[in-house]
Amino acid sequence: MTSASIADSVKEKKTTALSSDLIGTLAIAVLGGAAYVVFPDDLGLLTRILAAAFFVLSLCLVTGICGIATLGHAVMYGAGAYAAGYFCVQGLTDPIALIVVGAMAGAVMGAVSGAIILRTSGLPQLVLSIALVQLMHAAANKASSITGGSDGLIGISPAPVLGLFAFDFYGRTAYLFGLVLLVCVFAVLQRLVRSPFGLLCRGIMQDRVRVAAMGVSVYPVLIRMYTISGAVAGIGGALIAIATGVVGLDSVSFAWSAEALVMLVLGGASSLYGALIGTVVFMTFEHFVSAASPFHWLAIVGALLIAVVLFLPKGLQSFPARFLVKLRGGRRDHSS
Amino acid sequence: MTILLKVEDLSRSFGGLIVASNISLALESGDRAALIGPNGAGKTTFINLVTGSLAPSSGRIELAGKDITRAASVERVRLGLVRSFQVSRVFREMAVRDHVALAILQREGKSGRMFGDPWKIAAVASEAPAILEELGLAVVAHEPVSQIAYGQQRLLELAIALVLRPKVLLLDEPAAGVPRGEARRIEQALARLPSDIAVLMIEHDIDLVFRFARRVIVLAAGRIICEGPPAAVAADPHVREVYLGSYANGSRSV
Ligand SMILES: Nc1ncnc2c1ncn2[C@@H]1O[C@H](COP(=O)(O)OP(=O)(O)OP(=O)(O)O)[C@@H](O)[C@H]1O
Ligand SMILES: [Mg+2]
């Protein structure tokens, strides 16, 4: 090889990242659209899946990309849900504005909680994150004049989207609104993960000492990612407030945080696609199996999780990825 | 010649074990120095103290005339004080080429960019392939570290340090664990470094030390026991004694 062609082979990607991102985003839009057509009676469930998808994507950013251990991620989701709900009750009824409010509330909560838990790492970090979500849960319960306490925040009735599409009884508008949002956010996050900043975060996850020896101050980088993650979770919270018209205390609970982690690990923590796959599988299972038998539901989730952790350490997403590799007859592209 | 790194009376101990005892040392622009000494002499500890990953119990460190004794370690890197690690510290699940890209981005102040392909940034696109080729890593550029040989990881460790464009470069046994053929590449890469930077290399391979260094510093039990041109140091009976293992307590001085 000449030195010019060596240089080119170093620079080029095995698969062009942009086109595979585009295909992925399109696939989500198509699958989401298909679900709308095929399951018109389950739009309530589908919308809850969308909201959870934002939440798990947000967790993927900090846990899967940066390696931060948290079991209290619902503080950001809850902040978005309560903020959007509260502003709507107060008269700001434009749904897009409410999504922005949710994103901002989530981002602020992300920055504040991040500033606390990112001071530590490992087990102390995990414990701090749990303490934070318990604290916020108690606070939301106490501040019943704003949050409705244990009765929930009710009376959220947003105006039509863009003044054109009213939220209907069947949840069609809510679902399509959420789907468009998810596709947009996903496309942005894909770019973020591939950016220099995304590369830096993956470096931090693997060896902080090495990154610091390159001259990187780790803490501010993590705070930034935590803030972005908070905005994404906040959008999910705002979406559920808009779609269901109520916000309950469970949106800022330890249980919801833990479920997000289960969904993420199930799908594959280090991949945005994994976050989506894990969410869809978990939420669908929960809906159908837990309705039939709550005991079996927990047993099946437990068994599934053990199987994934033992046999598919990179989660369910590695299943189709492996298949694709066989199909192409090539190697995996490790850098993505 | 301007003094780039000046260390005065640096000391540190772990419990009762003295690992740095009043070490004073200056590196000038263009210096090619080697730090040698038996296992456990405190060579790596010296780098840790200078780069700020360990706090000295006393002493003073100056980088290009600036007191950095209390500066955070990342600040020292930004001022041009770069180290490599004795045992490669690289990202197991990251492609070889992305390590170099990340280091270049950081040097250019662009590692925080939240959009765009790192490989579209001019400095990365022009420098990364060149350094990878120079160190023989171009063939594994797309492989994650977990898939490459240990010798190649050592070379990657060096590549990261080089692209940071240090003023003062501290190399901790860069050739240890590297097969002979590839060790040559390390020497060639070091020979092509800008002549005005100062390099201090810890190395056990005496042949390599002789080819590289114009000055050798011998450390034993946390103390500098001898310093001078390679030939003079090699002829020093006390140094020979240390390397033969009869050196026991560091109480004698040269
Ligand atoms: N963080 C630490 N805590 C306690 N003891 C330490 C620490 N780091 C180093 N030591 C001890 O200090 C002494 C000097 O270690 P150092 O790693 O600096 O030696 P070295 O000269 O680099 O040796 P080698 O040639 O084997 O790399 C050793 O006895 C080591 O066990
Ligand atoms: Mg050492």
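Residues numbered from 1 in each chain as written. Chains lettered and ligands numbered in written order. Predicted model: local features only at pLDDT ≥ 70, side-chain atom pairs only at ≥ 80, totals over all residues. Heavy atoms only, no water.

**Student:** How do you make sense of the overall build of chain B when you look at a structure like this?
**Tutor:** Within chain B one finds nine helices and ten strands. For a compact globule of 254 residues, the expected C-alpha radius of gyration is about 18 Å, and chain B comes in at 19 Å, within 12% of that figure. Projected onto its principal axes, the C-alpha positions of chain B cover 60 × 40 × 40 Å. Here chain B holds 254 residues, and the buried ones make up 56% of them. In chain B, of all internal contacts separated by at least 6 residues, the share reaching a separation of at least 24 is 66%. When the accessible surface of chain B is totalled, it reaches about 10,600 Å², and 51% of it is carbon and sulfur. Computed over 30 positive and 27 negative side-chain charges, the separation of the two mean positions in chain B equals 3 Å. (Helix = DSSP H or I, 4+ residues; strand = E, 2+ residues; numbered from the N terminus. Rg over C-alpha atoms; globule rule 2.2 N^0.38 Å. Buried < 20%, exposed > 50% of the residue type's maximum accessible area, 1.4 Å probe, protein only. Contact = heavy atoms within 4.5 Å. Areas by Shrake-Rupley, 256 points an atom, 1.4 Å probe, with all protein chains shown as cover. Lys, Arg positive; Asp, Glu negative; His and termini not counted. Charge placed at Lys NZ, Arg CZ, Asp CG, Glu CD.)

**Student:** Got a minute to help me understand the sheet that holds strand S1 (residues 3-14) of chain B in this structure?
**Tutor:** Hydrogen bonds between backbone groups are what pair the strands of a sheet, and the pairing can be parallel or antiparallel. Residues and elements named next belong to chain B. Taken in spatial order, the four strands line up as S2-S1-S4-S5 in an open sheet, and their pairing is antiparallel. Of all the strands in the sheet, the pair left with one neighbour each is strand S2 (17-28) and strand S5 (66-67). By the bridge criterion, eight bridges tie S1 to S2 in an arrangement that is antiparallel. Bridge pairing in S2 places Leu10 opposite Ile23. (Pairing = 2+ DSSP bridges.)

**Student:** Looking at this model, I keep getting lost on the coordination of the magnesium ion (ligand 2). Mind explaining?
**Tutor:** For a metal bound by four donors in a tetrahedral arrangement, the ideal donor-metal-donor angle is 109.5 degrees, while six donors in an octahedral arrangement ideally sit at 90 or 180 degrees. Summarising the metal site, the magnesium ion (ligand 2) is bound by the protein donors Thr44 of chain B (OG1) and Gln86 of chain B (OE1), whose distances to it range over 1.9 to 2.1 Å. Pair noted here: Thr44 of chain B is in helix H1 (residues 43-51) and Gln86 of chain B is in the loop between strand S6 (81-83) and helix H3 (96-107), with a separation of 42 residues, a long-range link. (Donors = N, O, S within 2.8 Å, 3.2 Å for Na, K, Ca; no water.)

**Student:** Explanation requested: the site of ligand 1 in the structure shown.
**Tutor:** Residue and element names in this part refer to chain B. In the neighbourhood of ligand 1, 13 residues make up the surrounding shell, with Asn39, Lys43, Thr44, Thr45 and Gln86 lying closest. At a separation of 2.9 Å, an oxygen atom of ligand 1 approaches a polar side-chain atom of Asn39. Within the side chain of Thr45, one N or O atom sits 2.5 Å away from an oxygen atom of ligand 1. Surface burial for ligand 1 is 61%, taken as the share of its 640 Å² of free accessible area covered by protein chains. Breaking the shell around ligand 1 down by element, the ones donating at least two residues are S2 and H1. Here the shell around ligand 1 gets three residues from one element, more than from any other, and that element is H1. Its residues assigned to classes, the shell around ligand 1 comprises four nonpolar, seven polar and two charged. (Near = heavy atom within 4 Å. Polar contact = N/O pair within 3.5 Å; in protein donor to acceptor, adjacent residues only side chain to side chain. Nonpolar A, V, L, I, M, F, W, Y, C, P; charged D, E, K, R; others polar.)

**Student:** Which parts of the structure should I look at to understand the nonpolar core?
**Tutor:** General note: in soluble globular proteins, nonpolar side chains tend to be found buried as a group. With 159 residues, the main nonpolar core has Leu57 of chain A together with Val100 of chain B as its most contacted residues. By residue number, the principal contributor to this core is helix H3 (residues 43-65) of chain A, which donates 17 residues. Those residues in contact with Leu57 of chain A, other than ones at most four positions away along the chain, are Leu182, Phe186, Leu189, Val232, Leu272, Ala275 and Leu276 of chain A. Core analysis: the second largest hydrophobic core is formed by 26 residues, Leu5, Leu27, Leu35 and Leu49 of chain B among them. (Core = buried A, V, L, I, M, F, W, Y, C linked by side-chain atoms within 4.5 Å.)

**Student:** Teacher, can you tell me more about the interface of chain B and chain A here?
**Tutor:** Reports of interface size often rely on the accessible area that becomes lost once the parts have come together. Chain B puts 40 residues into the contact, and the matching count from chain A is 36 residues. Summing both sides of the interface, chain B and chain A together bury roughly 3,500 Å²; the carbon and sulfur share of this comes to 61%. In terms of surface lost to chain A, no three residues of chain B exceed Phe91, Met114 and His142 of chain B, which account for 20% of the buried area on that side. At the junction of chain B and chain A, the tally comes to two salt bridges. (Buried area = accessible area lost by both parts, 1.4 Å probe. Salt bridge = Lys/Arg side-chain N within 4 Å of Asp/Glu carboxyl O.)

**Student:** Any chance you could explain the packing of aromatic side chains here in plain terms?
**Tutor:** A ring pair, where both rings are aromatic, is described by two values, the distance of the centres and the angle of the planes. Residue and element names in this part refer to chain A. Under the defined criterion, the tally for this structure stands at seven aromatic pairs over all chains. Here Tyr86 and Phe87 contribute two aromatic rings whose centre-to-centre distance is 6.4 Å and whose plane-to-plane angle is 80°, an arrangement assigned as edge-to-face. With relative accessibility at 39%, the residue Phe87 sits in the partly exposed group. Relative to Tyr273, the ring of Phe186 lies with its centre 5.3 Å away and its plane at 65°, an arrangement referred to as edge-to-face. (Phe/Tyr/Trp six-rings, centres within 6.5 Å; stacked < 30°, edge-to-face > 60°.)

**Student:** Any chance you could explain helix H5 (residues 150-163) of chain B here in plain terms?
**Tutor:** Residue pairs spaced three or four apart in an α-helix point in one direction, given the helix's 3.6 residues per turn. Residues and elements named next belong to chain B. Over its 14 residues, H5 extends 20 Å from the first C-alpha to the last, a length consistent with the 20 Å expected when each residue adds 1.5 Å. Across the 14 residues of H5, 13 count as buried, placing the element largely inside the fold. Residue Arg165 follows H5 closely and has a positive phi angle near 50°. (Expected span 1.5 Å × (residues − 1).)

**Student:** Just checking my understanding: could you explain the sheet that holds S6 of chain B for this structure?
**Tutor:** Residue and element names in this part refer to chain B. Pairing within the open sheet is mixed, and its six strands lie in the order S6-S7-S8-S3-S9-S10. Every interior strand has two partners, whereas the edge strands, S6 and strand S10 (223-228), have only one. Each strand of the sheet is rotated relative to its neighbour by a mean of 20°, with strand direction disregarded. Lying over the sheet, H5 contacts S6 and strand S7 (168-172), oriented at roughly 170° with respect to S7. (Axes fitted to C-alpha atoms, helices over the stretch in contact; angles between N-to-C directions.)

**Student:** What am I meant to see in the pattern of salt bridges here?
**Tutor:** Opposite charge on two side chains permits them to pair, given that their charged atoms come into close proximity. The final tally for this structure, using the stated rule, is 15 salt bridges over all chains. Residue Arg89 of chain B is joined to Asp207 of chain A by a salt bridge in which the shortest nitrogen-to-oxygen separation is 2.9 Å. Remark: Asp207 of chain A occurs in the loop between helix H9 (196-206) and helix H10 (208-213) and Arg89 of chain B occurs in the loop between S6 and H3; the pair is interchain, linking two chains. Take Asp207 of chain A: its relative accessible area is 11%, and that puts it in the buried class. Across the pair Arg215 of chain B and Asp31 of chain B runs a salt bridge, and its minimum N-O distance is 2.9 Å. With a gap of 184 residues between them, Arg215 of chain B in strand S9 (residues 215-220) and Asp31 of chain B in the loop between S2 and strand S3 (32-36) connect regions that are remote in the sequence. Residue classification places Asp31 of chain B among the buried residues on the basis of a relative accessible area of 13%.

**Student:** Explain empty space enclosed by the protein to me, please; I cannot follow it from the model alone.
**Tutor:** It is the rolling of a water-molecule-sized probe over the atoms that shows where space remains empty. Residue and element names in this part refer to chain A. Throughout the structure, instances matching the rule amount to one cavity of 30 Å³ or more. By volume, the largest cavity amounts to about 40 Å³. As for the largest cavity, its lining consists of Thr70, Gly72, His73, Val75, Met76, Ser113, Ile117, Ser129, Leu132 and Tyr226. Those elements giving two or more residues to the lining of the largest cavity turn out to be helix H4 (74-89), helix H5 (95-117) and helix H6 (123-142). (1 Å grid on protein atoms, 1.4 Å probe; cavity = no way out; pocket = protein on both sides within 12 Å on 5 of 7 lines; lining within 4 Å. Points joined across faces, edges and corners; volume = space filled by probe spheres on them.)

**Student:** Would you mind going over the environment of Leu43 of chain A with me for this structure?
**Tutor:** Residue and element names in this part refer to chain A. Counting through the fold element by element, Leu43 comes out in helix H3. Considering only alpha carbons, one finds Leu43 and Tyr175, 132 residues apart in sequence, at a separation of 6.4 Å. Beyond its immediate sequence surroundings of up to four residues, Leu43 is in contact with Tyr36, Tyr170, Gly171, Arg172 and Tyr175.

**Student:** Help me out: how do you make sense of the pairing of S3 of chain B in this one?
**Tutor:** Successive residues of a regular strand alternate their side chains across the two faces of the sheet. Residues and elements named next belong to chain B. Among the five residues of S3, five are classified as buried, and the element is accordingly described as predominantly covered. Going residue by residue along S3, you find Arg32, Ala34 and Ile36 tucked away on one face and Ala33 and Leu35 tucked away on the opposite face as well. Looking at chain direction, S3 and strand S8 (residues 198-202) are connected through four bridges and run parallel. Residue pairing in the sheet places Leu35 in a bridge with Ile202 of S8. Of the pairings in the sheet, the one linking S3 to S9 comprises four bridges and is parallel in character. Paired with Ala34 across the bridge in S9 is Val216.

**Student:** Whenever I open this one, the confidence of the model for chain B confuses me. Can you help?
**Tutor:** In regions of low pLDDT, the predicted coordinates are not meant to be interpreted in detail. Residue and element names in this part refer to chain B. Model confidence for chain B is summarised by a mean pLDDT of 89, while 95% of its residues fall at 70 or above. Counted against residues more than four places away or in other chains, residues 246-254, with its pLDDT under 50, gives 15 contacts. Interface confidence for the predicted complex, expressed as ipTM, amounts to 0.88; the pTM equals 0.88. (pLDDT = per-residue confidence, 0-100.)

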